[in-house]
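The residues making up each chain are set out below.
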Amino acid sequence: MLSEQVHARLRAAILHGAHAPGDALKPQELAKEQGVSLAVVREALVRLVGEGLADRLPNRGFAVPAFSDRRWQELTEARLTIEEPMLRMSVERGDVEWEARVRAAHHRLARTPAFAPEEGEYCSDAWAEAHHGFHRTLLEGCGNSVLLDTFDRMWTASELARRWSGHRTPSRAPRDEHRRLEEAALARDPAAAAAVLVRHLSLTAAALSPDRYS
């Protein structure tokens, strides 16, 4: 469908930095740029709002979320609330097949280039997919489909935060953080794995803390 194509193009433009944080997303301009009707663009923008990639502002239309928006801290708090116990459950319940999937997911992530020049200044789509795969696989050992569905929704909502945070903290070493996550999980140490995860998620949120813009 045409609306799906427009949604995909606008989504990619936001994720790859073509629209800066806080930029207005003007439906009329986007409709002209995309060569489609205003209704198609509005439908795509509403979907982006639902995914956390755009805001709908009263009397002001649509915009890319801001760096300093407190939602990123709230999302991190929400993610920690469910992901820390999920990881503990996975470490305690996961079987040998889960261990093998964790190793494979980490290997894929470690071997996928984090950046692709043709995709802009943020992480590549391939790396983002591998990143999601690794984190989800870590938690799949918990065996709770309701919690995993909740994880998926919050992951989508926090995609911009991950890309922006990584771009603003070039000295950070996510490869090492992911290696420590894998090692603690496969060592069957739930406390250590949870501690690594808490630090991992907290570092992402810290780069977008409102205190940095006060």
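Residues numbered from 1 in each chain as written. Predicted model: local features only at pLDDT ≥ 70, side-chain atom pairs only at ≥ 80, totals over all residues. Heavy atoms only, no water.

Asker: Honestly, the overall build of the protein in this entry has me stumped. Any pointers?
Answerer: Secondary structure summary: the protein contains 10 helices and three strands in total. Ordered by position from the N terminus, the helices and strands of the protein form the series α-β-α-α-β-β-α-α-α-α-α-α-α. Oriented by its inertia axes, the alpha-carbon framework of the protein measures out at about 55 × 45 × 35 Å. Per-residue burial for the protein yields a buried fraction of 46% across its 214 residues. (Helix = DSSP H or I, 4+ residues; strand = E, 2+ residues; numbered from the N terminus. Buried < 20%, exposed > 50% of the residue type's maximum accessible area, 1.4 Å probe, protein only.)

Asker: Help me out: how do you make sense of the domain arrangement of the protein in this one?
Answerer: When the parts come together, some accessible area is lost, and that loss is often what is quoted as the size of the interface. You can read the domains of the protein as domain 1 (2–64) and domain 2 (69–207). Here domain 1 and domain 2 have C-alpha centroids that lie 27 Å from each other. Contacts between domain 1 and domain 2 engage 10 residues on the former and 14 residues on the latter. Buried area between domain 1 and domain 2, both sides added, is near 1,000 Å², and the carbon and sulfur share of it is 57%. Seen at the junction of domain 1 and domain 2, the total is one salt bridge. Among the ionic pairs, D55 bridges to R71, the shortest N-O distance being 2.5 Å. Linking domain 1 to domain 2 there are three residue pairs in polar contact (both at pLDDT 80 or more). (Domains from an automatic or database assignment. Contact = heavy atoms within 4.5 Å. Buried area = accessible area lost by both parts, 1.4 Å probe. Salt bridge = Lys/Arg side-chain N within 4 Å of Asp/Glu carboxyl O. Polar contact = N/O pair within 3.5 Å; in protein donor to acceptor, adjacent residues only side chain to side chain.)

Asker: Where do I start with the UniProt feature "domain: HTH gntR-type" (unreviewed entry) in the protein in this structure?
Answerer: Cross-referencing UniProt, the feature "domain: HTH gntR-type" (unreviewed entry) maps to residues 1–67 in the present numbering. The span residues 1–67 shows a helical share of 52% and a strand share of 12%, and its end C-alpha atoms are spaced 32 Å apart. (UniProt positions renumbered as here; feature names shortened; annotations may be inferred.)

Asker: How should the packing of aromatic side chains be read in this particular structure?
Answerer: Two numbers describe a pair of aromatic rings. These are the distance of the centres and the angle of the planes. Within this structure, the stated rule accounts for two aromatic pairs. For the pair W72 and W164, a centre-to-centre distance of 5.8 Å together with 85° between the ring planes defines the contact as edge-to-face. Of this pair, W72 sits in helix α4 (residues 71–93) while W164 sits in helix α8 (residues 159–168), and the two are 92 residues apart along the sequence. As far as the burial class goes, W72 and W164 line up, both buried. Each ring, one from F151 and one from W155, has its centre 5.6 Å from the other, and the planes form 50°; the classification is tilted. Here W155 and F151 lie together in helix α7 (residues 145–157), a separation of four residues that amounts to about one turn. Just as F151 is buried, W155 falls in that class too. Directly above the aromatic system of W72 lies the positively charged group of R71, at a separation of 5.4 Å from the ring centroid. Here the guanidinium or amino end of R162 rests over the ring plane of W155, the centre of that ring lying 3.6 Å away. (Phe/Tyr/Trp six-rings, centres within 6.5 Å; stacked < 30°, edge-to-face > 60°. Lys NZ or Arg CZ within 6 Å of the ring centre and 35° of its normal.)

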